[in-house]
Amino acid sequence: MTSFLPPNLLALFAARDPIPFLTPHGKLPHEKKRDHQGGIAEFVNLFENETETPIKIKVETKDEKKERMASVKMKVNETRIKDYLAAGLYDASEIRDATNDPFKTLFVSRLDYDTSESKL
């Protein structure tokens, strides 16, 4: 199939020259003599004592901070509501536009911003 290709494309499929052999400049890994690898017994005296170690400081994680902030916010909102109700600022019976029949309540959602009151 490649015999039908033009010479410029046929040159792309030509074999390259072989890689020249170079002798290694050092010993191969299996020929090297390795030093004795010891353990850590000679360095144990350099470790710090348990009595000298500083106390770990507990760092608050992201989830713990989120939970803490949510609980603080909830407590603040609860105190605001209690103060608002205790001050007598909210009285449901004083709302003039409220209906006495809950079945006459209409909830409107997904309303376009361009919709006027006359269209409703």
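What counts and what doesn't
- Residues numbered from 1 in each chain as written.
- Predicted model: local features only at pLDDT ≥ 70, side-chain atom pairs only at ≥ 80, totals over all residues.
- Heavy atoms only, no water.
- Salt bridge = Lys/Arg side-chain N within 4 Å of Asp/Glu carboxyl O.
- Buried < 20%, exposed > 50% of the residue type's maximum accessible area, 1.4 Å probe, protein only.
- Helix = DSSP H or I, 4+ residues; strand = E, 2+ residues; numbered from the N terminus.
- Expected span 1.5 Å × (residues − 1).
- Polar contact = N/O pair within 3.5 Å; in protein donor to acceptor, adjacent residues only side chain to side chain.

Attention shifts here to the pattern of salt bridges. Close approach of charged atoms lets side chains of opposite charge pair. Under the defined criterion, the tally for this structure stands at two salt bridges. One salt bridge connects Glu64 with Lys58, and the closest N-O pair in it is separated by 3.3 Å. On the basis of relative accessibility, which here comes to 67%, the residue Lys58 falls in the exposed class. Residue Arg68 pairs with Glu60 through a salt bridge whose shortest N-O separation is 2.7 Å. Overall, the relative accessible area of 38% leaves Arg68 in the partly exposed class.

With 25 residues, helix 2 (residues 62-86) extends 36 Å between its outermost C-alpha atoms, agreeing within 8% with the 36 Å of an ideal straight helix rising 1.5 Å per residue. Just past helix 2, the residue Gly88 takes up positive phi, approximately 75°.

Turning to its location among the elements, Ser118 is positioned in the segment after helix 2. The class for Ser118 is exposed, based on a relative accessible area of 70%. Remark: the alpha-carbon pair of Ser118 and Gly38, spanning 80 residues in sequence, is separated by 90 Å. In terms of polar contacts, Ser118 uses its side chain to reach the side chain of Ser116, at 3.0 Å.

The values reported here are purely geometric and, on their own, carry no functional implication.
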